[in-house]
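Residues per chain, in single letters:
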Amino acid sequence: MAVFTPVSLEQLSDWIEQFPLGRATSIKGISSGIENSNFFIGTEQGEYVLTLFEKLHIEQLPFYLELMRHLAQRGIPVPAPVPNDKGAIVNLLNDKPAAIVSKLEGQSQLDPQPVHCAALGDMLARMHLAAKDFKILQPNLRGLAWWLETTPAVLPFLPAELGQLLASEVQYQKDFAATPDYRALPRGPVHADLFRNNAMFVGEQLSGIFDFYFAGCDTWLFDLAVTVNDWCVDLETGVLDTARSQAMLAAYRAVRPFSQAEGIAWQPMLRAAALRFWLSRLYDFYLPREAEMLTPHDPTHFERILRLRIKDAPPAL
Ligand SMILES: Nc1ncnc2c1ncn2[C@@H]1O[C@H](COP(=O)(O)OP(=O)(O)OP(=O)(O)O)[C@@H](O)[C@H]1O
Ligand SMILES: N[C@@H](CCO)C(=O)O
């Protein structure tokens with residue numbers, strides 16, 4: 001159950017008067033999702049998604065929502081925030097910051113094939129280019145600075161060998177981040193959490209990508225590595241599936257060719273992307289936040305992926 005703050009149709013009906021959506025006709029809680037309270041709402045203008053932000057700080061929300069607005073205006077299929085009659089896209093509802101966004105058609109594709117991975121690669125490259133002139137700067141809040149801060153909190157819980165792996169990978173990433181190759185990587189606003197459950201398909205057609213609440217400014221290659229590490233792996237073993245990863249990379253490259261530095265950084269970024277989710281899952285597992293209501297994701301999945309990305313050089317970009 002992932003509605004943490006209930007909203008009745010009556011409450012919604014009063015609140016929605018400030019939006020150009022007519023009367024509210026229905027509200028239905030969405031049971032998946034672990035970060036926010038989400039609802040499908042019916043209005044006289046059609047169906048939308050209402051999100052109440054449970055944990056994110058209100059000062060961080062403009063980055064996410066304005067980025068979605070910016071991308072939607074440039075034809076990238078992402079949920080478009082609906083402004084109220086004063087132009088505001090974040091407004092309090094039941095004491096929580098809340099937003100209404102457009103509803104994407106389709107379903108998640110949890111068993112992706114090369115055709116789906118190609119669609120993702122193409123869209124990711126288009127999204128990176130479309131966000132180039134986005135004006136708000138917010139770092140990836142789950143980047144290197146967070147890894148350095150969080151590792152000491154998690155280390156006491158880990159057996160020696162795992163602690164050693166974690167500490168040495170964080171050091172490796174810190175060293176790599178100081179190299180000219182890393183500093184030469186193109187960067188900008190990235191999604192940073194584009195897993196299978198954050199995209200919608202109608203058949204083989206990608207109808208949209210959503211859940212931008214881990215987005216931030218980082219390297220484009222890191223974003224691609226996060227996406228490859230989820231969409232293009234065998235979920236049992238973590239092994240990269242060549243057909244799916246080649247399909248994704250070829251489609252990305254066709255829109256935005258890779259630089260020489262990106263070729264060099266590919267394996268380090270696949271390792272960084274695995275480390276990012278291993279660490280956040282370890283953190284949620286050992287240090288669950290107060291009022292955490294759901295079982296955390298399995299950290300060992302990304303430990304396995306990290307070990308594989310360290311051991312095996314990936315196919316060249
Ligand atoms: N704009 C949208 N259009 C259609 N469906 C949506 C939209 N936004 C959210 N959903 C639905 O709501 C579900 C939960 O949304 P979302 O993933 O954003 O929540 P979350 O709490 O951030 O979850 P998590 O962090 O676990 O991914 C999605 O799986 C999707 O089914
Ligand atoms: N994609 C994250 C969850 C947060 O959206 C994970 O799988 O750990």
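Residues numbered from 1 in each chain as written. Chains lettered and ligands numbered in written order. Predicted model: local features only at pLDDT ≥ 70, side-chain atom pairs only at ≥ 80, totals over all residues. Heavy atoms only, no water.

Asker: It is not clear to me how the environment of Trp278 should be interpreted in this structure. Could you clarify?
Answerer: The residue Trp278 is located in helix 9 (residues 260-286) in this model. Using a relative accessible area of 1% as the deciding quantity, one classes Trp278 as buried. For the pair formed by Trp278 and Thr300, sequence separation is 22 residues and the distance between their alpha carbons is 7.3 Å. Ignoring any residue separated from it by four or fewer positions in sequence, one finds Trp278 in contact with Leu162, Leu165, Leu166, Pro299, Phe302, Glu303 and Leu306. (Helix = DSSP H or I, 4+ residues; strand = E, 2+ residues; numbered from the N terminus. Buried < 20%, exposed > 50% of the residue type's maximum accessible area, 1.4 Å probe, protein only. Contact = heavy atoms within 4.5 Å.)

Asker: What should I look at first to understand the packing of helix 9 against helix 10 (residues 299-311) in this one?
Answerer: For any two helices packed against each other, the geometry is given by the interaxial angle and the distance between the axes. Axis separation between helix 9 and helix 10 bottoms out at 8 Å; the angle between their running directions is 160°. Here helix 9 lies roughly antiparallel to helix 10, going by the angle between them. Note on packing geometry: the crossing formed by helix 9 with helix 10 is left-handed. On helix 10, the residues touching Gln267, Leu270, Arg271, Ala274, Leu275, Phe277, Trp278, Arg281, Leu282 and Phe285 of helix 9 are Pro299, His301, Phe302, Glu303, Ile305, Leu306, Arg309 and Ile310. The class makeup of the residues in the contact of helix 9 with helix 10 is 12 nonpolar, two polar and four charged. (Axes fitted to C-alpha atoms, helices over the stretch in contact; angles between N-to-C directions. Parallel < 35°, antiparallel > 145°, perpendicular 65-115°, else oblique. Left-handed = near helix turned anticlockwise from the far one by under 90°. Nonpolar A, V, L, I, M, F, W, Y, C, P; charged D, E, K, R; others polar.)

Asker: Whenever I open this one, the domain arrangement of the protein confuses me. Can you help?
Answerer: Many analyses report the size of an interface as the accessible area lost when the parts associate. The assigned domain composition of the protein is domain 1 (9-102) and domain 2 (114-311). Distance from the C-alpha centre of domain 1 to the C-alpha centre of domain 2: 27 Å. Taken together, the 23 residues of domain 1 in the interface contact 26 residues of domain 2. Looking only at domain 1, the three residues that lose the most surface to domain 2 are Phe63, Tyr64 and Pro77, adding up to 30% of its buried area. Inspection of the domain 1/domain 2 interface yields five residue pairs in polar contact (both at pLDDT 80 or more). In terms of residue count, the dominant contributor to the side of domain 1 that touches domain 2 is helix 2 (residues 61-73) (nine residues). (Domains from an automatic or database assignment. Buried area = accessible area lost by both parts, 1.4 Å probe. Polar contact = N/O pair within 3.5 Å; in protein donor to acceptor, adjacent residues only side chain to side chain.)

Asker: When you look at the sheet that holds strand 3 (residues 46-53) in this model, what are you seeing that I'm missing?
Answerer: Backbone hydrogen bonds are what pair the strands of a sheet, in a parallel or an antiparallel way. In spatial order, the strands read 1-2-3-5-4; together these five strands make up an open sheet with antiparallel pairing. If you trace the sheet from one side to the other, it starts and ends with strand 1 (24-29) and strand 4 (91-93), each paired once. The sheet shows a mean angle of 35° between the axes of neighbouring strands, direction not considered. Contacting strand 3 and strand 5 (96-102), helix 2 runs over the sheet at an angle of about 10° to strand 5. (Pairing = 2+ DSSP bridges.)

Asker: Would you mind showing me how to read the packing of helix 7 (residues 220-231) against helix 9 here?
Answerer: Where helix 7 meets helix 9, the closest approach of the two axes is 8 Å, and the angle between their N-to-C directions is 60°. What the angle tells us is that helix 7 and helix 9 run oblique. Handedness of the crossing formed by helix 7 with helix 9: right-handed. Two secondary-structure elements touch here, helix 7 through Leu221, Phe222, Leu224, Ala225, Val226, Val228 and Asn229 and helix 9 through Glu262, Ala265, Trp266, Met269, Leu270, Ala272, Ala273, Ala274, Arg276 and Phe277.

Asker: What is the right way to read the site of ligand 2 from this model?
Answerer: Around ligand 2 sit Asp193, Phe195, Phe214, Phe277, Arg281 and His297, and that is every residue in its neighbourhood. Within the side chain of Asp193, one N or O atom sits 2.6 Å away from an oxygen atom of ligand 2. Take Arg281: an N or O atom from its side chain is 2.6 Å from an oxygen atom of ligand 2. Class assignment of the residues belonging to the shell around ligand 2 gives a composition of three nonpolar, one polar and two charged. (Near = heavy atom within 4 Å.)

Asker: Looking at this structure, how should I read helix 10?
Answerer: Since there are 3.6 residues in each turn of an α-helix, residues three or four apart along the chain are aligned in direction. Given a rise of 1.5 Å per residue, 13 residues ought to cover 18 Å, and the 19 Å separating the end C-alpha atoms of helix 10 matches this to within 8%. All of the buried residues along helix 10 are Pro299, His301, Phe302, Glu303, Ile305, Leu306, Leu308 and Arg309. Looking at the buried positions of helix 10, the neighbouring elements they touch are helix 5 (160-177), helix 7 and helix 9. (Expected span 1.5 Å × (residues − 1).)

Asker: Which parts of the structure should I look at to understand empty space enclosed by the protein?
Answerer: Per the stated rule, a full pass over the model turns up two cavities of 30 Å³ or more. What the second largest cavity holds in volume is close to 30 Å³. Its residues assigned to classes, the lining of the second largest cavity shows three nonpolar, one polar and one charged. (1 Å grid on protein atoms, 1.4 Å probe; cavity = no way out; pocket = protein on both sides within 12 Å on 5 of 7 lines; lining within 4 Å. Points joined across faces, edges and corners; volume = space filled by probe spheres on them.)

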